[in-house]
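# Descriptive analysis of the structure
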Amino acid sequence: MPPRLAMSGWFALVISHAALIGAAAAEPVFKGSQGSSAPLPPKYAINPNGSVTLRICFNWSCARRQNVTFTHDDMAFLKSYMALCPGKRLQDRLQRVRIGVWQMELLAQKYQPFLANDLAINDFEVGVDGRMDCVDNATNTTTYLRILQDIGELPGWKISSPKVRNLFDVNLVHWTAALVDAESGADWSVDSWYRPNGHLPMVMPLPSWIDEKKGWEPPVKRMNPTPHSIHELCN
């Protein structure tokens, strides 16, 4: 959920499909950027050498943006983690999504360490560099999911544009990344806002998310375990 947002700009909102950029490996932070009242379209490039350059945003409503590059070795390590969860059941595929987003967040934090300052929700982050509201999280998570899809790591899923609930309530408006189960056509939420950066996101059917169900409560709690071992997560 973002901090209080102005109503202007919501009515002109258009979420586009992923766009590719060619960016240097270490771009400076873009300071003083105007915040966005809605998630930004993904921007990334999958490079010929297997590295990935992408834009991440932070400091609430994408007020600051930076291009970073995950190396070929970074991506190989990520793929090795995701390979630990090869099952084709829905529960296994959901955990594979969670692992991928978790590992992408850790890679972003590797190259921008102050993302470790991000906490769950927004309550204790005022003025802290690296903080992320739901606009930042939905933007970054959608970018991560599209990259994972493009490198073949999310079989059985289609990536959607971010979804919103309570759009016209400045205190309750909330965004999430989203995807579609290619087999059933069901829509799912992938919400990173409820966890600090570098943790497993919450997943649930999109209608449950719209109804403001909590990922740590029944009936969706079973979809969001936090075991001590990744092997437990995938078995």
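Residues numbered from 1 in each chain as written. Predicted model: local features only at pLDDT ≥ 70, side-chain atom pairs only at ≥ 80, totals over all residues. Heavy atoms only, no water.

### Concerning helix α1 (residues 72–82)
Of the residues making up α1, those classed as buried are D74, M75, L78 and M82. Looking straight down α1, one finds its buried side chains confined to an arc of 90°; they lie on one side. The inward-facing, buried residues of α1 abut β3 (52–58), β4 (64–70), α2 (90–111) and α3 (134–150). (Buried < 20%, exposed > 50% of the residue type's maximum accessible area, 1.4 Å probe, protein only. Helix = DSSP H or I, 4+ residues; strand = E, 2+ residues; numbered from the N terminus. Arc of directions from axis to C-beta. Contact = heavy atoms within 4.5 Å.)

### Thoughts on the environment of K88
Assignment of secondary structure puts K88 in the loop between α1 and α2. In sequence terms K88 and P155 are 67 residues apart; their C-alpha atoms lie 8.9 Å from each other.

### Considerations on unusual backbone geometry
Here the bond from P218 into P219 is cis, since omega is 5°, no more than 30 degrees from zero. On the secondary structure map, P219 appears in the loop between α4 (206–210) and α5 (230–234). Phi is positive for S61, which is not a glycine, with a value near 60°. Locating S61 in the fold gives a position in the loop between β3 and β4. We classify S61 as buried; its relative accessible area is 6%.

### So, the side chain of D118
Position of D118 relative to the elements: it lies in the loop between α2 and α3. At 3.0 Å, the side chain of D118 and the backbone nitrogen of M132 are in polar contact. For D118, the side chain forms a polar contact with the main-chain nitrogen of N197, separated by 3.0 Å. (Polar contact = N/O pair within 3.5 Å; in protein donor to acceptor, adjacent residues only side chain to side chain.)

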